[in-house]
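A closer look at the structure
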Amino acid sequence: MKIKNICCIGAGYVGGPTMAVIAQKCPEINVTVVDINDKRIAAWNDDNVDNIPIYEPGLSRVVEEARGRNLFFSTDVEKAIDQADMIFISVNTPTKTYGIGKGMAADLKFIELCARQIARVATTDKIVVEKSTLPVRTAEALRNILDNTGNGVKYQILSNPEFLAEGTAVDDLMNPDRVLIGGDIDTTEGAEAVEALVDVYAHWIDRERILTTNVWSSELSKLTANAFLAQRVSSINSLSELCEKTGADVNEVAKAVGMDSRIGPKFLQSSVGFGGSCFQKDLLNLVYIAKSYGLNEVADYWEQVIIMNDHQKKRFAANIVKTLFNTVSGKKIGVLGWAFKKDTNDTRESAAIYVVDYLLNEQADVVVYDPKVNAEQVYADLDHLNTRSEAENRARVTVVNSAMDVTKDAHAVAVLTEWDEFKSLDWSLIYDDMLKPAFLFDGRRLLNRAEKEKIGFEFYAIGS
Ligand code: UDX
Ligand code: ADP
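Below, the structure is looked at part by part. Predicted, not measured: the structure shown is a model, and the values here were computed from it.

About the criteria used
- Residues numbered from 1 in each chain as written.
- Chains lettered and ligands numbered in written order.
- Predicted model: local features only at pLDDT ≥ 70, side-chain atom pairs only at ≥ 80, totals over all residues.
- Heavy atoms only, no water.
- Salt bridge = Lys/Arg side-chain N within 4 Å of Asp/Glu carboxyl O.
- Helix = DSSP H or I, 4+ residues; strand = E, 2+ residues; numbered from the N terminus.
- Buried < 20%, exposed > 50% of the residue type's maximum accessible area, 1.4 Å probe, protein only.
- 1 Å grid on protein atoms, 1.4 Å probe; cavity = no way out; pocket = protein on both sides within 12 Å on 5 of 7 lines; lining within 4 Å.
- Points joined across faces, edges and corners; volume = space filled by probe spheres on them.
- Nonpolar A, V, L, I, M, F, W, Y, C, P; charged D, E, K, R; others polar.
- Expected span 1.5 Å × (residues − 1).
- Arc of directions from axis to C-beta.
- Contact = heavy atoms within 4.5 Å.
- Near = heavy atom within 4 Å.
- Areas by Shrake-Rupley, 256 points an atom, 1.4 Å probe, with all protein chains shown as cover.

Here the structure, examined in full by the defined rule, presents 28 salt bridges. Note that R120 and E78 form a salt bridge whose closest N and O atoms lie 3.1 Å from each other. Here the residue R120 occupies a position in helix α5 (residues 109–121), and E78 occupies one in helix α4 (residues 77–83), the gap between them amounting to 42 residues. Judged by its relative accessible area of 53%, R120 falls in the exposed class. You can call E78 partly exposed: its relative accessible area is 36%. The salt bridge partner of E241 is R315, with a shortest N-O separation of 3.9 Å. Here E241 is found in helix α9 (residues 215–246), whereas its partner R315 is found in helix α12 (residues 296–323), with 74 residues between them in sequence. Residue class for E241 comes out partly exposed when judged on its relative accessible area of 26%.

This is the structure:
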């Protein structure tokens, strides 16, 4: 079975970059990415390739090479579904905000809508690939809808979880540690479908790195991988607090521990807390699944990773208030960084949102700068929390276009995203511009303490 036409439903952080790389590496396959958001599709089609809606290093060049050749972005979802032999579902699966499983389970509403649309439109056999992060056993639900409401065409359902990290998406896609494909490998048709997707990836990835499993293992592996990664961050963050009390330095501890080859050095960078669309959502999914099988100890174990992360964000904000003589009311606090990590414009679950929300509750005046995030997004993120009125968020928070505007006349500055450009700011000038004592809070261990103290800052960093 040779794949000629791929359709991807969802032109977001996962669908967009993944399809761009598939199209670049497989020039003989037509790849159409569709989305109901016409603004997003228009941005993907923008004549100036630097205006695509997702900022990822290297992505615009990949899009430039393939777009119009065999990579297309469209709002005509039905046509793309009908023409495709293989359909990737890459729509968002946020945590439920209502009903059963509220605040914990993934909301599969968008996935179900896609499945029903595929069932309605398809007139030829399709391979349907789950790309969104999903709770275990979603494939079963997909199959149920497709088999019972379809036009009698045959479906194979594959799970092909995405392991790309934002900010390094293009590299991760070009050179993945592994590709995981789950399918009905015990049946001939299932094995053929798996093989068809293996062939796509084998255009640029060694076959030894393409793992094939049954669907459930694939779905659970994705949740497990993210849970393990998040757990490492919470583990080191828990020790950052102990380091602050005891005089140990968390970076030194992380280095010493990470040099043990059994542990390894990655994901041990202490921070103001992990964010992103995946970690918390996947942990919550895991907790929810465990609870639904009555595995309360398993659920509690993983829930603690989230509790620790919430604590880290809160204690960072509380420390700002405490240090500024127990009040930030009416004080200008400069915030450098809003994205959940550097090299992305994604702000979902970013620690900055929660830190600033805390400071706003303490009546601070906050000024924000992020190299890739605009004012509209900052306000949308704060409004989404529903802590105060939209008018008050706009009255208390100002978003500016340069780091120097953040720091002018500020009582304190907090670094919340580890953007490289923050390292090379003119910190002496910033010091001169700030009110004294000039407090600097480093939530990313980005800045050099000795240098900053020499300039005159009162310097606080996570974990030392
Ligand atoms: C993650 C997984 O890495 C990826 O495999 C999966 O497909 C999606 O979820 P992503 O959320 O894009 O990717 O970013 P990641 O690099 O994992 O960082 C997540 C959060 O943890 C960020 O807020 C980051 O700043 C934080 N982090 C990461 C730390 O605080 N310390 C670390 O050592 C590593
Ligand atoms: P992710 O990080 O998982 O890629 P995003 O929110 O960035 O998540 O992208 C998901 C995209 O899926 C959004 O652009 C959204 O408009 C799109 N989408 C959701 N439901 C549908 C649907 N039924 N048909 C087409 N596109 C959809």
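Following the structure, the description resumes.
What follows concerns empty space enclosed by the protein. Counting across every chain of the model gives one cavity of 30 Å³ or more. Counted as a void, the largest cavity has a volume near 60 Å³. Every residue along the wall of the largest cavity is listed here: E130, K131, S132, T133, L134, S159, P161, E219 and K222. Its residues assigned to classes, the lining of the largest cavity shows two nonpolar, three polar and four charged.

Here helix α6 (residues 138–149) spans 17 Å end to end across twelve residues, near enough to the 16 Å set by a 1.5 Å rise per residue. Within α6, the full set of buried residues consists of T138, A139, L142, I145 and L146. Here the buried residues of α6 occupy an arc of 130° about the axis, which is enough to place them on one side. Each element contacted by the buried residues of α6 is listed here: β4 (86–89), α5, β5 (126–130), β6 (155–159) and α9.

What surrounds ligand 1 is a group of 20 residues, the closest being E166, Q269, S271, K341 and R444. Contact with the protein chains removes 90% of the 660 Å² of surface that ligand 1 exposes when unbound. A breakdown of the residues in the shell around ligand 1 according to their chemical character gives eleven nonpolar, four polar and five charged.

It is worth spelling out unusual backbone geometry at this point. In this model, K436 is joined to P437 through a cis peptide bond whose omega is -5°. In this fold, P437 is placed in the loop between α17 (427–433) and β13 (439–442). Residues other than glycine seldom take positive phi values, yet N326 does so here, at roughly 65°. Summarising the element assignment, N326 is placed in the loop between α12 and β9 (332–336). Of note, the phi angle at D343 is positive, near 65°, even though the residue is not glycine. Tracing the backbone shows D343 in the loop between β9 and α13 (351–361).

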